[in-house]
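Close look at the chain arrangement
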Amino acid sequence: MTVHLEVAEGVGTLRLDRPPMNALDVATQDRLKELAEEATRREDVRAVVIHGGEKVFAAGADIKEMQAMDHTAMVLRARALQDSFTAVARIPKPVVAAVTGYAVGGGCELALCADYRIAGENAKLGQPEILLGLIPGAGGTQRLARLIGPSKAKDLIFTGRQVRADEALALGLVDRVVPADEVYTQAHAWAAKLAQGPALALRAAKESVDTGLETDIDTGLAVERNWFAGLFATEDRERGMRSFVEEGPGKAKFL
């Protein structure tokens, strides 16, 4: 298998395993979707780390495989390609990408599906599809522009250039830069901390933010309002407020 789901202490790690560069061929895309949906369903998975290993996150699609595909084949495949990445983006739990080495093309698009990105000092990110006479096809034109703004996204997409970790941080493409050998440890720690939190409230927060970015503010406020009121029916809300009143802020235990 080219992708594995490893679960420990509430954290599920989606680990890419297709040496040497974790090229995202059709089989890997399909496996990614399958495991993202499994992570969504499993109650013992409360947060997710996406990781490609110590040397590379994912160096894009399998170009040799794509070169053999004609227009008809890609018309039939393009939706499945996007659906595999969307399955990751729609995991209703906190998701962090642990990025080491190259995260370009589909690799960058996969990192964009996470809620938070921790990059190693050796990371390089970009959308080089234009250099192949193509555009990003797994969500890059949409998620990148929403994350860093249209003009910065167009610069990366139009030129196909790669950016190092420090520039990616300045652009807002990644959220934290750490030594390469600490990337997974810090990403796992981020996920593990949230795995101890109120699962339904975290889901509500993620859905409210994501939906709001995709619609008008009145619709976003309605989603927020409905989730906010609905959480008053949960045990976690009772536990959190009781702990605040009796012990002070930040001491509630939700597991």
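For the structure itself, look to the data block above.
Cut-off values and rules
Residues numbered from 1 in each chain as written. Predicted model: local features only at pLDDT ≥ 70, side-chain atom pairs only at ≥ 80, totals over all residues. Heavy atoms only, no water. Pairing = 2+ DSSP bridges. Helix = DSSP H or I, 4+ residues; strand = E, 2+ residues; numbered from the N terminus. Axes fitted to C-alpha atoms, helices over the stretch in contact; angles between N-to-C directions. Contact = heavy atoms within 4.5 Å. Expected span 1.5 Å × (residues − 1). Buried < 20%, exposed > 50% of the residue type's maximum accessible area, 1.4 Å probe, protein only.

Strand order in the open sheet formed by 6 strands is 1-2-3-4-6-9, with mixed pairing between adjacent strands. Looking at which strands have only one partner, the edges of the open sheet turn out to be strand 1 (3–8) and strand 9 (176–178). Averaged over all adjacent pairs, the angle separating strand axes in this sheet is 20°, with direction ignored. Here strand 1 pairs with strand 2 (residues 11–16) via 6 bridges, running antiparallel. Directly across from Ala8, in strand 2, lies its bridge partner Val11. Strands strand 1, strand 2 and strand 3 (47–51) of the sheet are contacted by helix 1 (residues 26–41), whose axis makes an angle of about 20° with strand 1.

Next up on the list: helix 11 (residues 235–247). Its 13 residues place the ends of helix 11 17 Å apart at the C-alpha level, agreeing with the 18 Å of an ideal helix rising 1.5 Å per residue. Immediately beyond the C-terminal end of helix 11, within one or two residues, lies Gly248, with a positive phi of roughly 100°.

What follows is about the environment of Arg31. Mapping Arg31 onto the fold places it in helix 1. Overall, the relative accessible area of 17% leaves Arg31 in the buried class. Measuring from C-alpha to C-alpha, the distance between Arg31 and Thr2 comes to 7.3 Å, with 29 residues separating the pair along the chain. When neighbours within four sequence positions are excluded, Arg31 is seen to be in contact with Met1, Thr2 and Val3.

Let's shift gears to the sheet that holds strand 5 (residues 102–104). On the basis of which strands lie adjacent, the open sheet formed by 3 strands has the order 5-7-8 and mixed pairing. At either margin of the open sheet sits one strand with a lone partner, and together these are strand 5 and strand 8 (162–164). If you compare each strand with its neighbour and ignore which way they point, the axes differ by 20° on average. Across 3 bridges, strand 7 (residues 124–126) lies against strand 8 in antiparallel orientation. Across the sheet, Gly126 pairs through a bridge with Gln162, a residue of strand 8.

The residue after Pro19, namely Pro20, is reached through a cis peptide bond having omega 5°. By the element assignment, Pro20 lies in the loop between strand 2 and helix 1. Within the chain, Glu9 stands out as a residue other than glycine whose phi angle is a positive 55°. With respect to the helices, strands and loops of the structure, Glu9 is situated in the loop between strand 1 and strand 2. Residues other than glycine seldom take positive phi values, yet Asn22 does so here, at roughly 55°. One can find Asn22 in the loop between strand 2 and helix 1. Judged by relative accessible area, Asn22 falls into the buried class, the value being 4%.

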